[in-house]
Amino acid sequence: MRGLKGKRVLITGGAGGIGTATAARFLEEGARVVVLDRDAEALSRLDRELGLSGTIRADVSDPDDVAHAFRQLEGLVGGLDVLINNAGVSQRHRFVDITPEEWRAVMDVNLNGVFYVAQCAARSMLAQNAARSMLALPGARSLGGEGGVILNMGSTNGLMGYHYYADYNASKAGVIELTRSMALELAPTVRVNAVCPGFILTPMQETEYSAETQHAFAGKLPLKRLGRPEDVAALFAFLASDDASFITGQVLVVDGGEIAGGLASQP
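Report follows, based on the coordinates. (Residues numbered from 1 in each chain as written. Predicted model: local features only at pLDDT ≥ 70, side-chain atom pairs only at ≥ 80, totals over all residues. Heavy atoms only, no water.)

1. What about the pattern of salt bridges?
Pairing between side chains of opposite charge can happen when the charged atoms of each approach one another. If you walk through the whole model with that rule in mind, you get 8 salt bridges. Among the ionic pairs, Glu101 bridges to Arg104, the shortest N-O distance being 3.7 Å. With Glu101 and Arg104 both in helix H4 (residues 100–135) and 3 residues apart, the pair spans about one turn of that helix. Taken together, the shared-partner salt bridges in this structure form one network comprising Arg225, Arg228 and Asp231. (Salt bridge = Lys/Arg side-chain N within 4 Å of Asp/Glu carboxyl O. Helix = DSSP H or I, 4+ residues; strand = E, 2+ residues; numbered from the N terminus.)

Shown next, in the form of structure tokens:
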């Protein structure tokens, strides 16, 4: 991908699944990658495996923790060019059984956390761009979004109804609308898009679904397989690159054709 070498990339929830695959992909592209996660042991292991530019232990659901994390990020790499706003949680349960505590736990990470991190990232990117603009030559050409790129993790759950995930569905629908609003307000300096995976075989999915269920679902997809974390990582890399400089405010689906045929409505 063009324009990723040397870019400063922050990935939240990066110590497993899609986040880890995304960290590996951006490192392959020559980026400087910092991973934020609340699991200190997983962060340490990932740093040993990949050789990151830094790790930050933080809870995205805590705004004070997020603000402190961005101060740490400044010290590690001096700023931010690309945010992969990936941290998320889910629970499988019937709508009538969801407790207020369970509802808040999902919203706090999936929607509030995305907001807290995105807001800090946007403020950093806008400040960086203002400083950079003071040094730019008169008449310099801009591609648009050169101040930074924010990519929020949505889900096909935010686009269609799914059984047994009312809280998760609502949180991801919120992320999608937040993304569109951000794209309008932050343009032309910062590009903002949402990536909406379908059934991606991550550790989170493996704990929620049996092997038989996974196999049965894969058979219903037009592409006849479940998604891999690397499939999503590739889309993140493209959207962060200069090749996607005219793409903002969009919701991009990577689901093997799942919602094209209405499979999402099946329990």
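2. Some words on the packing of aromatic side chains
Applying the stated rule across the entire model yields 4 aromatic pairs. Taking 6.3 Å as the distance between ring centres and 65° as the angle between the ring planes, the aromatic pair formed by Tyr165 and Tyr168 counts as edge-to-face. Side by side, Tyr165 and Tyr168 carry an identical accessibility label, which is buried. A ring pair is formed by Phe199 and Phe217, whose centres lie 5.2 Å apart and whose planes are at 40°; its orientation type is tilted. With Phe199 in the loop between strand S6 (190–197) and helix H6 (203–208) and Phe217 in helix H7 (residues 211–220), this pair connects stretches of sequence that are 18 residues apart. (Phe/Tyr/Trp six-rings, centres within 6.5 Å; stacked < 30°, edge-to-face > 60°. Buried < 20%, exposed > 50% of the residue type's maximum accessible area, 1.4 Å probe, protein only.)

3. What about unusual backbone geometry?
A cis geometry characterises the amide bond from Ala187 onward to Pro188, with omega recorded as 0°. Mapped onto the secondary structure, Pro188 falls in the loop between helix H5 (166–186) and S6. Non-glycine residue Tyr164 carries a positive phi angle of around 70°. Turning to its location among the elements, Tyr164 is positioned in the loop between strand S5 (148–153) and H5. We classify Tyr164 as partly exposed; its relative accessible area is 33%. Of note, Lys224 is a non-glycine position whose phi angle comes to about 60°, a positive value.

4. Digging into helix H2 (residues 40–50)
Among all positions in H2, only Ala42, Leu43 and Leu46 are buried. Around the axis of H2, the buried residues are gathered within 100° of arc, so they sit on the same side. Across H2 from its buried face, at more than 90 degrees, point the exposed residues Glu41 and Arg48. Taken together, the buried residues of H2 touch helix H1 (17–28), strand S2 (32–37) and strand S3 (54–57). With a side-chain oxygen lying 3.2 Å from the backbone nitrogen of Glu41, the N-terminal cap of H2 falls on Asp39. The positive-phi residue at the C-terminal boundary of H2 is Gly51, with phi of around 75°. (Arc of directions from axis to C-beta. Contact = heavy atoms within 4.5 Å. Polar contact = N/O pair within 3.5 Å; in protein donor to acceptor, adjacent residues only side chain to side chain.)

5. Focus: the sheet that holds strand S1 (residues 8–12)
Strands sit in the order S3-S2-S1-S4-S5-S6-S7 across an open sheet of 7 strands; the sheet is parallel. A strand with exactly one partner marks an edge of an open sheet, and here the two such strands are S3 and strand S7 (251–254). In this sheet, adjacent strand axes meet at a mean angle of 20° when their direction is disregarded. Pairing of S1 with S2 involves 5 bridges; the strand directions are parallel. Note on S2: the bridge partner recorded for Arg8 is Arg32. (Pairing = 2+ DSSP bridges. Axes fitted to C-alpha atoms, helices over the stretch in contact; angles between N-to-C directions.)

6. Details of the environment of Met1
Along the polypeptide, Met1 turns up in the segment before S1. Residue class for Met1 comes out partly exposed when judged on its relative accessible area of 40%. A sequence separation of 148 residues divides Met1 from Val149, and the C-alpha atoms of the two residues are 14 Å apart. Here Met1 is in contact with Arg25, Glu29, Ala234, Ala237, Phe238, Ser241 and Asp243, once residues within four sequence places are set aside.

7. A short note on the nonpolar core
Among the nonpolar cores identified, the biggest contains 29 residues, and Val9, Phe26, Val33, Ile84, Val232 and Phe236 are the most heavily contacted of them. Broken down by secondary-structure element, the contributors of at least two residues to this core are S1, H1, S2, H2, strand S4 (82–85), S5 and helix H8 (229–240). (Core = buried A, V, L, I, M, F, W, Y, C linked by side-chain atoms within 4.5 Å.)

8. Observations regarding the environment of Asp242
With respect to the element layout, Asp242 can be found in the loop between H8 and S7. C-alpha of Asp242 to C-alpha of Glu146: the two residues are 96 residues apart in sequence and 8.8 Å apart in space.

9. Description of H1
Counted at 1.5 Å a residue, the expected span for H1 with its 12 residues is 16 Å, and the 17 Å between its end C-alpha atoms agrees. Turning to H1, its buried residues number three or more, namely Gly17, Ile18, Gly19, Ala21, Thr22, Ala23 and Phe26. Among the residues trailing H1, Gly30 stands out with phi positive, at a value near 90°. (Expected span 1.5 Å × (residues − 1).)

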